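Each chain, letter by letter, is given below.
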Amino acid sequence: MATVRKVQITFDCADPQRVARFWCEVLGYVVPEPPEGFASWDEYERTLPAEQAGSWFACTDPTGEGPRLFFQRVPEGKVVKNRVHLDVRVGTGMVGDERLAALEAERDRLVALGATEVLLQRADGINESCIWMNDVEGNDFCLD
């Protein structure tokens, strides 16, 4: 029998804290407590060398079921479509107009947080509707 392992999903980005806090809002995730001995993440950051401050941030599923998301600062921006992306499952079990309405409502909520819509794919008789989006730094994800 195979061993099941937990995974962490890592994002390259310019502003790890901004992107992490966006994904907390998308998924209902939370920012973990700061390291022991620190009252806040800002207090912890002030102890780091300048080149390390703000270089990473994370968020976690408060239920412990979903993967930890880790955000690391990189110097280059995104130049092509992601080869891996998240599907945010907001329309599970819904079809037709009900599904489309749920997807559009979530799209509107996320656009207000800084996301952008790339493409609305309407149901075509084979596949149900989904919406391709970008997060606050242009990382691809889908509302499914």
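Everything quoted here is computed from the prediction, not taken from an experiment. (Residues numbered from 1 in each chain as written. Predicted model: local features only at pLDDT ≥ 70, side-chain atom pairs only at ≥ 80, totals over all residues. Heavy atoms only, no water.)

**Some words on the pattern of salt bridges**
Alright, step 1. Evaluation of the coordinates by the stated rule reveals five salt bridges.
Alright, step 2. Here aspartate 144 and arginine 99 are joined by a salt bridge, their closest N and O atoms 2.6 Å apart. Note that aspartate 144 is positioned in the segment after β7 (140–143) and arginine 99 in helix α3 (residues 96–112), a separation of 45 residues in sequence.
Alright, step 3. Among the residues examined, arginine 99 registers a relative accessible area of 6% and is labelled buried.
Alright, step 4. A salt bridge links aspartate 108 to arginine 107; its shortest N-O distance comes to 3.0 Å.
Alright, step 5. Judged by relative accessible area, aspartate 108 falls into the partly exposed class, the value being 45%.
Alright, step 6. Judged by its relative accessible area of 15%, arginine 107 is buried.
Alright, step 7. Among the charged side chains, a network of salt bridges with common partners joins Arg89, Arg99 and Asp144. (Salt bridge = Lys/Arg side-chain N within 4 Å of Asp/Glu carboxyl O. Helix = DSSP H or I, 4+ residues; strand = E, 2+ residues; numbered from the N terminus. Buried < 20%, exposed > 50% of the residue type's maximum accessible area, 1.4 Å probe, protein only.)

**Looking at the sheet that holds β7**
Strand pairing in a sheet is mediated by backbone hydrogen bonds. Such pairs are either parallel or antiparallel.
Alright, step 1. One open sheet holds the four strands; their spatial order is β4-β7-β6-β5, and the pairing between them is mixed. Across the chains shown, the open sheet's two edge strands, defined by having one partner strand only, are β4 (86–88) and β5 (116–121). Sheet twist, expressed as the mean angle between neighbouring strand axes with direction ignored, is 25 degrees.
Alright, step 2. The strands touched by helix α1 (residues 16–27) within the sheet are β4 and β7, with β4 carrying the most contacts at an inclination of about 40 degrees.
Alright, step 3. The sheet contacts of α3 involve β5, β6 (130–134) and β7, and relative to β6 the element is tilted by about 10 degrees. (Pairing = 2+ DSSP bridges. Axes fitted to C-alpha atoms, helices over the stretch in contact; angles between N-to-C directions. Contact = heavy atoms within 4.5 Å.)

**Thoughts on the nonpolar core**
Alright, step 1. Counting 26 residues, the largest nonpolar core has Trp23, Phe71, Phe141 and Leu143 as its most contacted members.
Alright, step 2. Tallying contributions element by element places α1 first for this core, with six residues. (Core = buried A, V, L, I, M, F, W, Y, C linked by side-chain atoms within 4.5 Å.)

**So, the sheet that holds strand β2 (residues 56–59)**
Alright, step 1. Pairing in this open sheet of three strands is mixed, and the strands run β1-β3-β2 from one edge to the other. What marks the edges here is a single partner per strand, and that holds for β1 (8–13) and β2. Across the sheet, the axes of successive neighbouring strands diverge by a mean angle of 20 degrees, strand direction being ignored.
Alright, step 2. Examined bridge by bridge, β2 and strand β3 (residues 68–73) share four bridges and lie antiparallel to one another. Within β3, the position partnered with phenylalanine 57 by the bridge is phenylalanine 71.

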